[in-house]
Each structure stands twice: as structure tokens, then as C-alpha cells.
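The chain contents come next:
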Amino acid sequence: MLKKTLSALTWLCILITAFVSHPAWPQKPPKSKTPAQLKAAACCAEAEELRAQIANLSSLLSDLSAKQERDWVSVVMQVMELEGSTKRMESRLTDAESKYSELNNQIDIMQLQAAQTVTQTSADAIYDCSSLYQKNYRISGVYKLPPDDFLGSPELEVFCDMETTGGGWTIIQRRKSGLVSFFRDWKQYKQGFGSTRGDFWLGNEHIHRLSRRPTRLRVEMEDWEGTVRHAEYSRFALGNELNSYRLFLGNYSGNAGNDALLYHNNTAFSTKDKDNDNCLDKCAQLRKGGYWYNCCTDSNLNGVYYRLGEHTKHLDGITWYGWHGSSYSLRRVEMKIRPEDFQP
Ligand SMILES: [Ca+2]
């Protein structure tokens, strides 16, 4: 508004000046100006010049600020792009690393199989994870044990724990996700089921074969508070199928409270379709698993997987009475074996 008024005033000023200084120009010759007239003319010219300068400056300023804004947006875009590409690089790196380790694992296994076909003697045979450990396979994970004609064993996928107390452990059972049902029949417990990387039972036939030489059993357990306990047994063995995969255990050691497997010592294996327990009841059906049921349990490591708090009264959860009692179902269990004479 002020600008407009100023501009109108300026124009009025110019008109008046023009009229006063040249009332009838160009018809009449110019008269000489008075000092006051000269002063007024100079003032108007200065004001005009100033106005032009201000207009120039403000347009310059708005140009500059627009440019600054454009620059800022472009900087932000560049930063965002950089961040995105860093993330993409990181994820590619992770992919590459996991592929590399997978490949390495496969190469190891292939080398192992190649070596196995060359040296077919019992001394060099790959029995289990402890044999792999002795051949310098020191990374925990999935391995394929090659078939062995000498031992009469088929190819077998196993998960090796190469870290716990020196490594060399072959995992025979794992419960950690609850995605695999353990309420299975005799044949399935005989052959094994589940996924080697997740929840599984290696199979009574395999466990029997792997425990033919003096073997140690380690049971690791974790509760829902994240506390970890273990129980270890010397002279672990499973009888053959004619012997109903009977369990044999030596001395207990560990920190899992009272020994809750001793009660199952020298007991045959039972499943829902084969009642070999020492009870009038059908323990496998009551406890919903396959296990060395006595009458019936002090532990039920192949029971039903319950989340925290779900298991209260049916006694069919994954229990270890010596630690959390009969109504607490554990979060994670791993049973693993290795030869008694294993030297890390
Ligand atoms: Ca019975």
C-alpha cells in the first residue's frame, strides 16, 4: 500500500515538475529554473533511483532464496540417496556373506565325501560330528555324514555342535520353535522326523547306531526367563529295535537340579502306538510324546511344546521335574551325544 502511494506520489511529483518546468514545451523556449524547482527535481530523481535499486535488490534476494531452497532440497535428496545406497550395499554384503558361508560349508562337505570315497577304512570313517571335528571341521551347523558300507550306515544329515565344552557333539533332539509335533508313532521315532535346523528327533535307529561305542549324553535346557541348565550322563546307549530302543545311562553330572532322567534308565521306548512302559496307563498317550516312559515321567523332553504359562496341569509339556517341576514346560531343549573318549 505504502509502495503504491509512494509510486503515485513519485509520478505526481514528476508530472508537476514537468509541468512547472515545461508548461508548454516544446512550443515555448524553456525558462530558467528557480533553486527550489531544481531541488524538487533532484529529490524525485533520487527517490526514483532508490526505488529502482530496492526493486532490483528485492528481486535479487528472492532469486537467491529460491536458489538456496533448491540447493537445500538437492542436498537432502543426495543424503537420502546415499543412505539408501548404503543400506542396499549392506544388505548385499550380508547376502554375499551368507552365500559365501553356505558355499564354504558345501565345499567342506564335498571334500569330505571325496576324501571318504578314497579312504574306505574303518579308522578313517566318519561316524558322527566328533569324527568331523577331528578332521578339522570346527563350525557348528548342518553336515551330511556319508554312507558307510563297512558300518552299514546310510547317508545322514546331522547338526553338529562344535563349540559347547570343546564341540564334537551330534545333536539327537531339539525343541525350540514348537513347529514340529512330537506326538508321533513308532516308525517315525525309529526313522527320525523334523528339520535339522529346527525341531527334530534324529531317529532311534541312528541314535542306537551312534551310541554303539561308549558315548556321553548332554541335555541342555532353557526356561522362559532365559536361564540355561544342563545335565550330562556317561555311558549313554540305546538298545536296538528288538530291545525296544531301551535307554541306558551312567552317572549324572550338571546343574539341572535333581536328575530327572535316571527314573527312565533301563526303560524301553514307547510311542502312542506301542506301549512298552511300566504302567497300567498308556504313558505315551497321556504325555503325548515318544519317550522312555516308566510310570510315567520325571521328565518328558519329547512332550508338547507350550508357550510360557500355557501348561499348568496336564503333565504333557516339555518337563524336567528336577528343575521346574511337573507343570512347567521348557522353552528350549537340546540332546546331544559324543564319544566318551573325545579329545577336543
Ligand atoms: Ca502301559
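Above: the structure in question.
This structure is a prediction, so every number in the text was calculated from the model and none was measured.

Enquirer: Which residues make up the nonpolar core, and what values go with them?
Expert: One finds W201, L217, V219, M221, F236, W320 and M335 to be the most contacted residues of the largest nonpolar core, which totals 58 residues. For L217, the contacting residues outside a window of four places in its chain are I172, A231, E232, Y233, F236, L249, L261, M335, K336 and I337.

Enquirer: Please set out the packing of aromatic side chains residue by residue, giving values where relevant.
Expert: Any aromatic ring pair is given by two values, namely how distant the centres are and how the planes are angled relative to each other. This structure, assessed with the given rule, holds 15 aromatic pairs. Taking 5.0 Å as the distance between ring centres and 80° as the angle between the ring planes, the aromatic pair formed by F182 and F193 counts as edge-to-face. Residue F182 is located in the loop between β3 (169–175) and α4 (186–191), and its partner F193 is located in strand β4 (residues 193–194); the two are separated by 11 residues in the primary sequence. A residue is classified by how much of its surface remains accessible, and F182, at 2% relative accessible area, is buried. Each member of the aromatic cluster is reached from another via a ring pair, and the members are F182, W186, Y189, F193, W201, Y245, F269, Y291, W292 and Y293. In this structure, R213 packs its charged tip against the face of Y127, placed 4.3 Å from the ring centre. Of note, K274 hangs over the ring of W186, and the distance from its end group to the ring centre comes to 4.9 Å.

Enquirer: Can you explain the side chain of S211? Please cite residues and give values.
Expert: Following the sequence through the fold, S211 ends up in the loop between α5 (204–210) and β6 (215–222). S211 sits in the buried class, given a relative accessible area of 5%. What S211 contacts, discounting residues up to four positions off in sequence, is F236, A237 and L238.

Rules used in this analysis
Residues numbered from 1 in each chain as written. Predicted model: local features only at pLDDT ≥ 70, side-chain atom pairs only at ≥ 80, totals over all residues. Heavy atoms only, no water. Core = buried A, V, L, I, M, F, W, Y, C linked by side-chain atoms within 4.5 Å. Buried < 20%, exposed > 50% of the residue type's maximum accessible area, 1.4 Å probe, protein only. Contact = heavy atoms within 4.5 Å. Phe/Tyr/Trp six-rings, centres within 6.5 Å; stacked < 30°, edge-to-face > 60°. Helix = DSSP H or I, 4+ residues; strand = E, 2+ residues; numbered from the N terminus. Lys NZ or Arg CZ within 6 Å of the ring centre and 35° of its normal.

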